[in-house]
Each structure stands twice: as C-alpha cells, then as structure tokens.
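# Structural description and commentary
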Amino acid sequence: MQVAVYPGSFDPCTNGHLDIISRASRLFEKVVVAVLINDKKHPAFTLEERVEMLKAATCHLSNVEIISFSGLLADFMRQHGYSVIVKGLRAVSDFEYEFQMALTNQALNDKIETVFIPSSSEFMFLSSSIVKEVAKYNGDLSALVPKELVPKIMNRFGKEK
Ligand code: PNS
C-alpha cells in the first residue's frame, strides 16, 4: 500500500493543511498525518487537542489517519516502514527550508522521498500563526480553518463567537 506521511505541528490545523491532506488522500492509498510532539515549541494547543481537531476536520476522508510522533521524522518513517513524506509548498519562501528538510531526511534515511504539493492559490497566505493572530483579535476565522474548529480556537484565545 502506498502510504504518504504528512508531518507538522498543526497548532492549529488550517484550511491550507486540510487542502493538502485531502489532495494527498486522492493521490495515495493512505495518508498518515503525523503530529509533532514538541514541548519546547510551547504550542497553543495540547497534542491531544491538535490530534482531536485534525480528526474532526478529516473524518470525511476514510483513508486518513492521525497519529503523533516525537524525535526525528526519519526515524519514525523507518520504524513504521514508511517512505513518502508529503509537504505543502505555499510560496518560494517556503522552498528553501522545505528543501533543506527534504535533503536532511534523505541523508538520515535514504528510503525517504519527499513529494511537494503546491498550495491552492486561495490558501497561499495561510498559516497556523496567522490563524492565532486573527483569533487573538477576535477576527473571523470562518475562511481560515475548518468550521467545526472555530469555537475551540476562539475559546482558547478567550473569545466567544
Ligand atoms: O508544521 P511545522 O512546524 O512546520 O512542521 C515541522 C516538522 C514537524 C515537519 C519538522 O519540524 C520535523 O519533521 N520535526 C521532527 C524532527 C526532525 O526530524 N528534524 C529533522 C528534519 S530537518
């Protein structure tokens, strides 16, 4: 079975992430969304919350699984026998960092191939940081994140919508 791993922090999941997950789910038999456990990053949402939000946003996609991982992605891939990483590319500015990560993962595990999926143009500007910034100022998140996640994200920033 051709499995693609889509790794990230997902703090929180955005419509841009969902766009990449749903397009990858049409290209691969299974998509494993791998949520990074990284306490040093001080995420706004706990690991459990990030996983639950992704599960809620992807429940209509039967070949998508949400899991968490810690440590090196290359090791996680080896442990599970996965070889394809999917990454979304929003703009040229993403490319340098993503290219560096792709080459590092390849150097650490030569079975790994990274497949880049270009962001849909409507989500090119979107990031988890932008979502948190808008939420902080009580802005409208309805075009930025899956609609079922809006109340949870607004509540985290002390606002009711
Ligand atoms: O959503 P993010 O924060 O941009 O995702 C980054 C992520 C999780 C894909 C990246 O930080 C990662 O793979 N971390 C695991 C540690 C690792 O393998 N680092 C070496 C690759 S450069």
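Look up: the structure comes first, before these words.
Residues numbered from 1 in each chain as written. Predicted model: local features only at pLDDT ≥ 70, side-chain atom pairs only at ≥ 80, totals over all residues. Heavy atoms only, no water.

## A short note on the pairing of strand 2 (residues 30–36)
Extensive coverage of strand 2 is indicated by the burial of 6 of its 7 residues. As paired strands, strand 1 (residues 3–8) and strand 2 are joined by 6 bridges and run parallel to one another. Pairing of Ala4 across the sheet is with Val31, part of strand 2. Bridge count for strand 2 against strand 3 (residues 64–69) is 6 bridges, and the pairing is parallel. Directly across from Val31, in strand 3, lies its bridge partner Val64. (Buried < 20%, exposed > 50% of the residue type's maximum accessible area, 1.4 Å probe, protein only. Helix = DSSP H or I, 4+ residues; strand = E, 2+ residues; numbered from the N terminus. Pairing = 2+ DSSP bridges.)

## Notes on the sheet that holds strand 5 (residues 113–118)
Here we have 5 strands laid out as an open sheet, ordered 3-2-1-4-5, and parallel in their pairing. With one partner strand each, in any of the chains shown, strand 3 and strand 5 form the two edges of the open sheet. Between one strand and the next, the sheet's axes are offset by a mean angle of 30°, whatever the strand orientation. Inspection of the sheet shows strand 4 (residues 84–89) paired to strand 5 by 6 bridges, in the parallel sense. (Axes fitted to C-alpha atoms, helices over the stretch in contact; angles between N-to-C directions.)

## Some remarks on the site of the ligand
As a matter of local geometry, the ligand sits amid Pro7, Gly8, Ser9, Leu36, Lys41, Phe69, Gly71, Leu72, Leu73, Lys87, Met101 and Asn105. At 2.6 Å from an oxygen atom of the ligand is found a side-chain nitrogen or oxygen belonging to Ser9. Within the backbone of Leu73, an N or O atom sits 2.8 Å from an oxygen atom of the ligand. Taking 550 Å² as the accessible area of the ligand by itself, protein coverage stands at 74%. More than half of the atoms belonging to the ligand lie within 2 Å of the grid points that define the largest pocket. When residues of the shell around the ligand are traced back to their parent elements, those giving at least two are strand 1 and helix 4 (92–108). For the shell around the ligand, the per-class residue count stands at 6 nonpolar, 4 polar and 2 charged. (Near = heavy atom within 4 Å. Polar contact = N/O pair within 3.5 Å; in protein donor to acceptor, adjacent residues only side chain to side chain. Areas by Shrake-Rupley, 256 points an atom, 1.4 Å probe, with all protein chains shown as cover. 1 Å grid on protein atoms, 1.4 Å probe; cavity = no way out; pocket = protein on both sides within 12 Å on 5 of 7 lines; lining within 4 Å. Sits in = over half its atoms within 2 Å of the grid points. Nonpolar A, V, L, I, M, F, W, Y, C, P; charged D, E, K, R; others polar.)

## Some remarks on the state of the cysteines
This structure, assessed with the given rule, holds 0 disulfides. The closest cysteine sulfur to the non-disulfide-bonded Cys13 is located on Cys59, 11 Å from its own sulfur. Of the residues examined, Cys13 reaches a relative accessible area of 1% and is grouped as buried. (Disulfide = S-S within 2.5 Å.)

## Topic: the packing of aromatic side chains
A complete count under the given rule lists 6 aromatic pairs for this structure. Ring geometry for Phe95 and Phe99: centres 5.1 Å apart, planes at 20°, overall stacked. Pair noted here: Phe95 and Phe99 are both in helix 4, with a separation of 4 residues, about one helical turn. In this structure Phe95 comes out as partly exposed when scored by relative accessible area, which is 37%. Connected via pairs of aromatic rings, a cluster forms that spans Phe69, Phe76 and Tyr82. (Phe/Tyr/Trp six-rings, centres within 6.5 Å; stacked < 30°, edge-to-face > 60°.)

## Notes on the nonpolar core
With 35 residues, the main nonpolar core has Tyr6, Val33, Leu54, Val86, Leu141, Val145 and Ile153 as its most contacted residues. Among the elements of the structure, strand 1, helix 1 (15–27), strand 2, helix 2 (47–58), strand 3, strand 4, helix 5 (128–136) and helix 6 (150–156) are those that each provide at least two residues to this core. Excluding residues that lie within four positions of it along the chain, Tyr6 makes contacts with His17, Ile20, Ile21, Val31, Val32, Val33, Ala34, Val86, Lys87 and Gly88. (Core = buried A, V, L, I, M, F, W, Y, C linked by side-chain atoms within 4.5 Å. Contact = heavy atoms within 4.5 Å.)

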